[in-house]
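Report on the structure
The primary structure of each chain is shown beneath.
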Amino acid sequence: MSSFNITHEQSSIPVTLPDGLEKATFLAFPPFQTWLSTVQRSLKLQSRTTHPFNDDPHSLRSITVQSYDLFGGSRLGFLKLKADVSNAAGENLPASVFLRGPSVAMLVILIPDDVERGSAAEDDERHVILTVQARIPAGSLEFVELPAGMVDDGGSFAGTAAKEIKEELGLELQSSELTCMSDLAQGEASAQLQDDEGLPAAMYPSAGGCDEHITIYLHERRVPREQLRDWTGKLTGLRDHGEKITLKLVKLKDLWKEGARDAKCLAAVALWEGLRREGKI
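Nothing here was measured: the structure is a model prediction, and the numbers come from that model. (Residues numbered from 1 in each chain as written. Predicted model: local features only at pLDDT ≥ 70, side-chain atom pairs only at ≥ 80, totals over all residues. Heavy atoms only, no water.)

1. Remarks on the overall build of the protein
Under the convention used in this document: Secondary structure follows DSSP: runs of H or I at least 4 residues long count as helices, runs of E at least 2 residues long count as strands, and numbering of each begins at the N terminus. To sort residues, take the accessible area from a 1.4 Å probe on protein chains only and compare it with the maximum for the residue type: under 20% means buried, over 50% means exposed, and anything in between is partly exposed. It only takes one pair of heavy atoms within 4.5 Å for two residues to be counted as in contact. All accessibility values rest on the Shrake-Rupley procedure with a 1.4 Å probe; residue burial counts only the protein chains present in the view.
Within the protein, the regular secondary structure consists of 9 helices and 13 strands. Summarising its shape, the C-alpha atoms of the protein cover approximately 65 × 45 × 30 Å along the three principal directions. Sorting the 281 residues of the protein into buried and exposed places 43% on the buried side. The long-range share in the protein, meaning contacts at least 24 apart out of those at least 6 apart in sequence, stands at 58%. If you sum the accessible surface of the protein, you get close to 14,900 Å²; carbon and sulfur atoms cover 49% of it.

Below is the structure:
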């Protein structure tokens, strides 16, 4: 183990690393940088008289990295840490953190091209592509979910979504063909969020233990009806990355129950229905 102090926002914070994790690698990890900045920004808000912690504010007093995973043998991918966030009275806030960074999810809607635009039948004929794949953390070899992917360091969110759609679904499209439902849902509220805690306009599936936030995109297109029949059961994914993904086609009106175990599905349904009610999509 190794220990050192980092200075952030005029605070000196003791950090302990496990054997094998280099200081430079740890400090360069984008999810850690983002998490640290966001935590410190939120702690600053305690100075407001209206903040519930104003009377006895909390501080980030130490960070202990407990474990880590390398991708490709060299790139830091996942990080588990324990932070001490406490006040002068010794009251601690829960601060066990799994850092993995942002992700994107894609709601891809397909409509048979023989259905009349704007007709009642169009709503019934909207289909969504889901993926079925092994998710060992959930104990499943056939987990049904919305297509998704992690955002690479320096990559754009829309670009990542377009890349994942090509890799997992076999559809090639440009970033400009995607609609960011997360941004549309936040609207003017996004600016207020950035002014306060700086949280992105995204869905947090497990904010009690993980930093992951998922930006949800929409792509809708009309396709030949016979092509729809070819989707279900198609095997896709990057074989050299160990991906074995089967596609499943379901009606949009049934997505809430077909994908009921997947937070991305449920969030996408809520966003799509809400945005449609307000005439934003």
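Next comes the rest of the description.
2. Some words on the pattern of salt bridges
The line we're drawing: Salt bridge, as used here: a side-chain nitrogen of Lys or Arg that lies within 4 Å of a carboxyl oxygen of Asp or Glu.
Going through the model one piece at a time under the given rule, you end up with 17 salt bridges. Close ionic contact of Arg-225 with Asp-114 constitutes a salt bridge, the shortest N to O distance being 3.0 Å. Placement of the pair is Arg-225 in helix α7 (residues 225-231) and Asp-114 in the loop between β6 (103-112) and α3 (120-124), with a sequence separation of 111 residues. Note that Glu-125 and Arg-225 form a salt bridge whose closest N and O atoms lie 3.3 Å from each other. Here the residue Glu-125 occupies a position in the loop between α3 and β7 (127-135), and Arg-225 occupies one in helix α7, the gap between them amounting to 100 residues. Exposure remark for Glu-125: the relative accessible area of 16% places this residue in the buried category. Here the salt bridges do not stand alone but share partners, grouping Asp-123, Arg-126, Glu-220 and Arg-276 into one network.

3. Observations concerning the state of the cysteines
Covalent bonding between the sulfur atoms of two cysteines defines a disulfide. Quick note on the threshold: Two cysteine sulfurs form a disulfide in these notes if their separation is within 2.5 Å.
By the definition in use, this model includes 0 disulfides. Distance from the sulfur of Cys-180, which forms no disulfide, to the nearest cysteine sulfur (Cys-265) is 17 Å. Of the cysteine sulfurs around Cys-210, a residue in no disulfide, the closest is that of Cys-265, at 18 Å. Under the relative-accessibility criterion, Cys-210 is labelled buried at 15%.

4. Brief notes about the confidence of the model for the protein
Definition in use: pLDDT expresses, on a scale from 0 to 100, how confident the predictor is about each individual residue.
Mean pLDDT over the protein works out to 89, with 92% of the residues at or above the 70 mark. Averaged over each element, pLDDT in the protein is lowest for helix α6 (residues 189-195) (51) and highest for strand β5 (residues 96-99) (98).

5. Looking at the nonpolar core
What counts here: Buried Ala, Val, Leu, Ile, Met, Phe, Trp, Tyr and Cys residues that are joined via side-chain atoms within 4.5 Å together make up what is termed a nonpolar core.
Leu-107, Val-128, Met-181 and Leu-255 are the most contacted members of the largest nonpolar core, which totals 26 residues. Among the secondary structure elements, those contributing two or more residues to this core are β6, β7, β11 (214-223) and α9 (263-277). Apart from the residues within four sequence positions on either side, Val-128 is in contact with Leu-107, Val-108, Ile-109, Leu-146, Lys-248, Leu-249, Val-250, Leu-252 and Leu-255.

6. Details of the packing of aromatic side chains
Worth spelling out the cut-off: Pairs were defined over the aromatic rings of Phe, Tyr and Trp, the Trp ring being its six-membered one, requiring ring centres within 6.5 Å. Orientation was assigned from the angle between planes: stacked under 30 degrees, edge-to-face over 60, tilted for the rest.
In total, this model carries 5 aromatic pairs according to the counting rule given. Between the aromatic rings of Phe-32 and Trp-35, the centroid separation amounts to 6.0 Å while the plane-to-plane angle is 35°, which identifies the pairing as tilted. In this pair, Phe-32 and Trp-35 are both assigned in helix α2 (residues 30-44), 3 residues apart and thus about one turn of the helix distant. No difference in accessibility class separates Phe-32 from Trp-35, as the two residues are buried. For the ring pair Phe-71 and Phe-78, a centre distance of 5.0 Å and an interplane angle of 80° mean the geometry is edge-to-face.

7. What about the pairing of strand β2 (residues 11-17)?
Let me state the cut-off plainly: At least two bridges found by DSSP between two strands are what make those strands a pair.
Pairing analysis gives 7 bridges linking strand β1 (residues 2-8) to β2, with the strands arranged antiparallel. The residue bridging Asn-5 from the neighbouring strand is Pro-14, located in β2. Where β2 meets strand β3 (residues 59-71), 2 bridges bridge the pair, whose relative direction is parallel. Bridged to Val-15 within β3 is Ile-63.

8. Focus: the pairing of strand β4 (residues 75-86)
Two faces make up the sheet, and in a regular strand the side chains alternate between them. Alignment of β3 against β4, held across 11 bridges, turns out to be antiparallel. In the sheet register, Asp-69 faces β4, and the bridge partner there is Phe-78. Remark: 3 residues form the turn of the hairpin made by β3 and β4, two consecutive strands paired antiparallel; Gly-72 in that turn has positive phi of roughly 65°.

9. Some points on the sheet that holds β5
Quick note on the threshold: To get an axis, a line is fitted to the C-alpha atoms, and for a helix only the part in contact is used. The angle between two axes follows their N-to-C directions and goes from 0 to 180 degrees.
Taken together, 5 strands build an open sheet; the order of strands is β1-β2-β3-β4-β5 and the sheet is mixed. Edge positions in the sheet fall to β1 and β5, since each of these pairs with one other strand and no more. Here the average twist between neighbouring strands, direction ignored, is 25°.

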